[in-house]
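Coordinates in review
Below, each chain spelled out in residue letters.
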Amino acid sequence: MNVHGNHGKNRGHESEVRWIISSVIDDLTLSSLNAVNSYLSSVIYVLFIWAECVLYVKKVLVFFASMEWYCYALLGIITALMSFFMDMTVAKLLNAHQWLYRCLKGHHLLQFLCWTLYPACLCALSTSFAHSICPFSAGSGVPEARAILLGMDMPDYLSLSNLFAKLFGLICTLASGSTVFLGKVGPFVHLSVMIEIVYKATYANDSCEMLVVASAVGVASCFGAPVSGVLFSIEVMGTHYSVRNYCPCFFAAACGAITFRLLSVCSTDQETIQALFKTSFSSDLPYQPFEIFIFVLLGLFCSILSCIYLFCHRWALRFVKTNKPISRLLATEKSLYSAIVAFLLACFTFYHSAGHFIASELTMKQLLTSLLDDTSWYSVSQNASALPEPQKTFWQAWNPPGKSYFQTLGFFITAKVGLLVVACTLPLPAGYFMPVFVYGAAVGRLVGEGSAYFLSDGISSAKSLINPGGYALAGAAAFSGAVTHTLSPALLALEMTGQCSHAVPALVATLVSNAVARAKHRPSFYDGISLIKKLPHLPSLIRSDSLRLWLYHVFYFFPCLPDSPTLLGTINKSQLREHLHQHRNEVIEVIMC
């Protein structure tokens, strides 16, 4: 009895405890649910207020201008941010390499290993990362962007993975320094085009229009030069330029250029907004009328060198593609090929081998700055000890012990052609405009220094001295214009340096070099790459292939005609396919009828 009674009491206590626990759990669950409901209500309310604010801001913005213009501005700002932070990252990497190289002074073997292995590893890393993420990220991307603008469907070249692969790979390529001697203009045109895809996915817009705008922004964000960026998009990217793209191109390019220059001021790199390579040429008497003849000869010289360079470049690309051992290595071990080529280039440019003949210890920016200096090296040679820094460092690089600056400039011009052709075969993200621009500045500097030497007493009775920096400016514009078959480098040279006094000589030299380079319908640099890769290119540049180009236009473009025989325009194949897909039901009904 007692056992059963105790057992009953235990059961009663257990039931009471269970009831208390369940009631507590119910209270906690109810309070938790109330708290969650109140939290969710607050979040929904905040999101609703945020959506209302966004809609209100959008209405206010649309009241002043359509959303397209804000997207143009955003495209320029984002591209400029990418360009600035890339330059800052590359500068830190180059400074670290130069610091390590200087610390090893006196140890030639260690300096050799530092000089050669650093760019070799970076080029291998650039190639490996780029091809592992997106195999289409190698090269500049300008020929592919032109092909897309002409109507070719190449989605892999505009993917988000390609953007990140090209961005990281380009940083590694630029950090290799003047050993590899490659730039960033072309890849930034491609990067800007890929950023445009985000806009295209958000807002329905004409793809061709945005591609042209993006190409202008890419150039403007690299140099802070909006006008030459727009002219570049007209000359290089647009087959038939539409006038409606003119204002959007200028607006987006101006936003990119202003952002790029403001960032330089905010980072204390510059005290105020100014040209990227600011020069101080005399504007009182910048040149004599007699010197126009010398600038014409400079244009002829640059055109001859450009034809040699373009021929060697196309030959190298074909050789790499047809040579079985090299093509097999490129097919299986691209990173190894990049490392080997970069190592060989570094061995040649090492200071204690041939590097002291080509000022290899200067970065590409320092090379261009030294070449554009308005002080004649002939006058500097009379009193070099009085030079301030960094002019003294530049002078010592171009005038090594036991050698003349004429020998250094001559060897630089001779050797850099071969080095640049070899570097162009590297399968990594890289630009090829800035190297030819610097090379042209060296050609112009040689002509200017020669003129200053032979006319050291001045020209005519005014005793006006020759300004070799002006010849370097005209040479850079003439050679890069002849290589790309464009006139925009003449304007770019003026915007980059802030010099308007040499506008006429730069334009004259560029016109002469273009006239000779375009003779016999020779392909430009970008056309040569398009021919090797079998991509479509501008039909106005190679008239000898008119039949092939005519067939291309027949199969890729269709005329738009109303009921009357009046041509309204053309539509490319991809746009027509997309339009037919959107209205496929109506098309089927018409076909059935």
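See the structure printed just above.
Here is a short report on the structure shown in this document.

Conventions we followed
- Residues numbered from 1 in each chain as written.
- Predicted model: local features only at pLDDT ≥ 70, side-chain atom pairs only at ≥ 80, totals over all residues.
- Heavy atoms only, no water.
- Helix = DSSP H or I, 4+ residues; strand = E, 2+ residues; numbered from the N terminus.
- Contact = heavy atoms within 4.5 Å.
- Areas by Shrake-Rupley, 256 points an atom, 1.4 Å probe, with all protein chains shown as cover.
- Buried < 20%, exposed > 50% of the residue type's maximum accessible area, 1.4 Å probe, protein only.
- Salt bridge = Lys/Arg side-chain N within 4 Å of Asp/Glu carboxyl O.
- Phe/Tyr/Trp six-rings, centres within 6.5 Å; stacked < 30°, edge-to-face > 60°.

Quick word on the overall build of the protein chain
Per the secondary structure count, the protein chain includes 24 helices and 2 strands. Put simply, of all contacts in the protein chain between residues at least 6 apart along the chain, 76% involve residues at least 24 apart. Total accessible area on the protein chain is roughly 29,300 Å²; 67% of this is exposed by carbon and sulfur atoms.

What to know about the environment of Cys302
Checked against the element boundaries, Cys302 lands in helix 10 (residues 291-322). Residue class for Cys302 comes out buried when judged on its relative accessible area of 0%. The sequence separation of Cys302 and Val483 amounts to 181 residues, and the corresponding C-alpha distance is 9.2 Å. Ignoring any residue separated from it by four or fewer positions in sequence, one finds Cys302 in contact with Val443, Gly475, Ala478 and Phe479.

Let's talk about the pattern of salt bridges
A complete count under the given rule lists 4 salt bridges for this structure. Lys533 is the salt-bridge partner of Glu144, the closest N and O atoms lying 2.7 Å from each other. Here Glu144, found in helix 4 (residues 142-149), pairs with Lys533, found in helix 21 (residues 525-533); they are 389 residues apart in sequence, far enough to count as distant. Residue classification places Glu144 among the buried positions, given a relative accessible area of 2%. Linking Arg445 and Glu449 is a salt bridge whose minimum nitrogen-to-oxygen distance equals 2.8 Å. Taken together, the positions of Arg445 and Glu449, both in helix 17 (residues 433-454) and 4 residues apart, correspond to about one turn of that helix.

Remarks on the packing of aromatic side chains
Applying the stated criterion across every chain, the model contains 22 aromatic pairs. With a centroid separation of 5.5 Å and 80 degrees between ring planes, the pair formed by Phe112 and Phe350 is classed as edge-to-face. Taken together, the positions of Phe112 in helix 3 (residues 108-133) and Phe350 in the loop between helix 12 (334-349) and helix 13 (364-371) put the pair 238 residues apart, joining distant regions of the chain. Residue class for Phe112 comes out partly exposed when judged on its relative accessible area of 23%. With a centroid separation of 6.3 Å and an interplanar angle of 50 degrees, the aromatic rings of Tyr309 and Phe479 are classed as tilted.

Without other data, these values stay purely geometric and don't point to any function.
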